[in-house]
Amino acid sequence: KKSDFFDSEKIILDSNSTLISNKPRLHFTLHSPLTLGIIDNEGRYTGLDPITKEIKEEIPGVYYRQIGEVQFLSIPVDVEYTLKLQGIKEGSFSLDVEKQVGNTITETNLFEGILSSISTLATMDIDSSFEVSNSKLKIDNDGNGIVDQIYPIVNVAEASSLPVVISNSSSGGFGFPVSIKVLE
């Protein structure tokens, strides 16, 4: 069965997968007025550059996509990274963190409704022992280099009991998963 999703900008995502891998991957989906990127231990960057607002793809095996204000990163789990979100305007953001093995999402954590400004810097350290269920998001609200808050996850058991409009572990037209949730 083929399932298409139409967004408000008339972009069609086809549910057929073009990502062929059984190796575990981490997925980060950001809904916000922030940039999303990842830095490896060699200083390479993939994502939306917070200064130039251009897409950089310097890390092999890491994939970045953007549709409107929604940004997506898919990374292999066997390398050390720092996830970096930089504010570009006032608002709030939500970050979905998922682990995928093959075409199955095996773990999900949600960070929702976090206020942000142009000074906000959020980071998440990822290493080979990273567990989605224990992921922590460090927030520097004013960009002074000092972590002001550390966010644990939203209760996933509560989130999973809410109505789901579309939950599709197969992939979207860009070769990445489509997972649209209605959370009240």
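For the structure, see preceding data.
Because the structure is a prediction, the values reported are computed rather than measured.

Peer 1: Please explain the overall build of the protein as it appears in this structure.
Peer 2: A tally of helices and strands in the protein yields one helix and 16 strands. In the protein, which comprises 184 residues, the proportion classed as buried is 38%. Accessible surface computed for the protein: about 9,800 Å², of which carbon and sulfur atoms make up 51%.

Peer 1: How do you make sense of the side chain of T29 when you look at a structure like this?
Peer 2: Structurally, T29 can be placed in strand β3 (residues 25–31). Beyond its immediate stretch of four places on either side in the chain, T29 contacts V70, Q71, F72, S94, L95 and D96.

Peer 1: Looking at this structure, I do not really get the sheet that holds strand β11 (residues 104–116). What am I missing?
Peer 2: Adjacent strands of a sheet pair through backbone hydrogen bonds, lying either parallel or antiparallel. The five strands lie next to each other as β7-β8-β3-β10-β11, forming an open sheet whose pairing is antiparallel. The sheet terminates laterally at β7 (63–67) and β11, the two strands that pair on one side only. Strand-to-strand twist of the sheet, defined as the mean angle between neighbouring strand axes without regard to direction, takes the value 15°. Looking at chain direction, β7 and strand β8 (residues 70–76) are connected through five bridges and run antiparallel. Considered in β8, the bridge of I67 is made with V70.

Peer 1: Looking at this model, I keep getting lost on the nonpolar core. Mind explaining?
Peer 2: Soluble, globular proteins show a tendency: their nonpolar side chains are buried together. Ranked by internal contacts, the top residues of the largest apolar core, which has 27 residues, are F28, L83, M124 and I126. Listed by contribution, the elements that provide at least two residues to this core are β3, β4 (34–40), β8, β9 (81–87), β10 (91–101), β11, β12 (121–126) and β13 (137–140). Here L83 is in contact with F28, L36, G37, I38, L73, L95, A122, T123, M124 and I126, once residues within four sequence places are set aside.

Peer 1: I would appreciate a short explanation of the pattern of salt bridges in the present structure.
Peer 2: When charged atoms on two side chains of opposite charge get close, those side chains can pair. This model, assessed by the stated rule, comprises six salt bridges. Linking D40 and R44 is a salt bridge whose minimum nitrogen-to-oxygen distance equals 2.7 Å. By relative accessible area, R44 is classed as partly exposed at 27%. Measuring nitrogen to oxygen at the nearest pair gives 2.6 Å for the salt bridge that ties D125 to K138. In this pair, D125 is assigned in strand β12 and K138 in strand β13, connecting sequence segments 13 residues apart. Salt bridges linked by common partners bring D40, E42 and R44 together as one network.

Peer 1: I keep staring at the sheet that holds strand β14 (residues 149–151) and nothing clicks. Help me out?
Peer 2: Read from one edge of the open sheet, seven strands run β6-β5-β4-β9-β12-β13-β14, paired in antiparallel fashion. Of all strands in the sheet, those bounded by a partner on one side alone are β6 (55–57) and β14. Direction aside, neighbouring strands of the sheet carry axes that sit 20° apart on average. Relative to β14, β13 runs antiparallel, the two being bridged by three bridges. If you follow I139 over to β14, its bridge partner there is Q149.

Peer 1: Is there a simple way to explain the side chain of S116 in this structure?
Peer 2: Its location among the elements puts S116 in strand β11. Since its relative accessible area comes to 7%, S116 is described here as buried. Among residues more than four places away in sequence, those in contact with S116 are P33, L34, K89, E90, G91, S92 and F93.

Peer 1: Would you mind showing me how to read the pairing of β11 here?
Peer 2: Here is the key point about a regular strand: its side chains alternate between the two faces of the sheet. Pairing between β10 and β11: ten bridges, direction antiparallel. In the strand pairing of β11, D96 is matched with L110. The hairpin formed by β10 and β11 contains two residues between the paired strands, and G102 there has a positive phi angle of roughly 65°.

What counts, and at which threshold
- Residues numbered from 1 in each chain as written.
- Predicted model: local features only at pLDDT ≥ 70, side-chain atom pairs only at ≥ 80, totals over all residues.
- Heavy atoms only, no water.
- Helix = DSSP H or I, 4+ residues; strand = E, 2+ residues; numbered from the N terminus.
- Buried < 20%, exposed > 50% of the residue type's maximum accessible area, 1.4 Å probe, protein only.
- Areas by Shrake-Rupley, 256 points an atom, 1.4 Å probe, with all protein chains shown as cover.
- Contact = heavy atoms within 4.5 Å.
- Pairing = 2+ DSSP bridges.
- Axes fitted to C-alpha atoms, helices over the stretch in contact; angles between N-to-C directions.
- Core = buried A, V, L, I, M, F, W, Y, C linked by side-chain atoms within 4.5 Å.
- Salt bridge = Lys/Arg side-chain N within 4 Å of Asp/Glu carboxyl O.

Any functional reading would require information that these geometric values do not contain.
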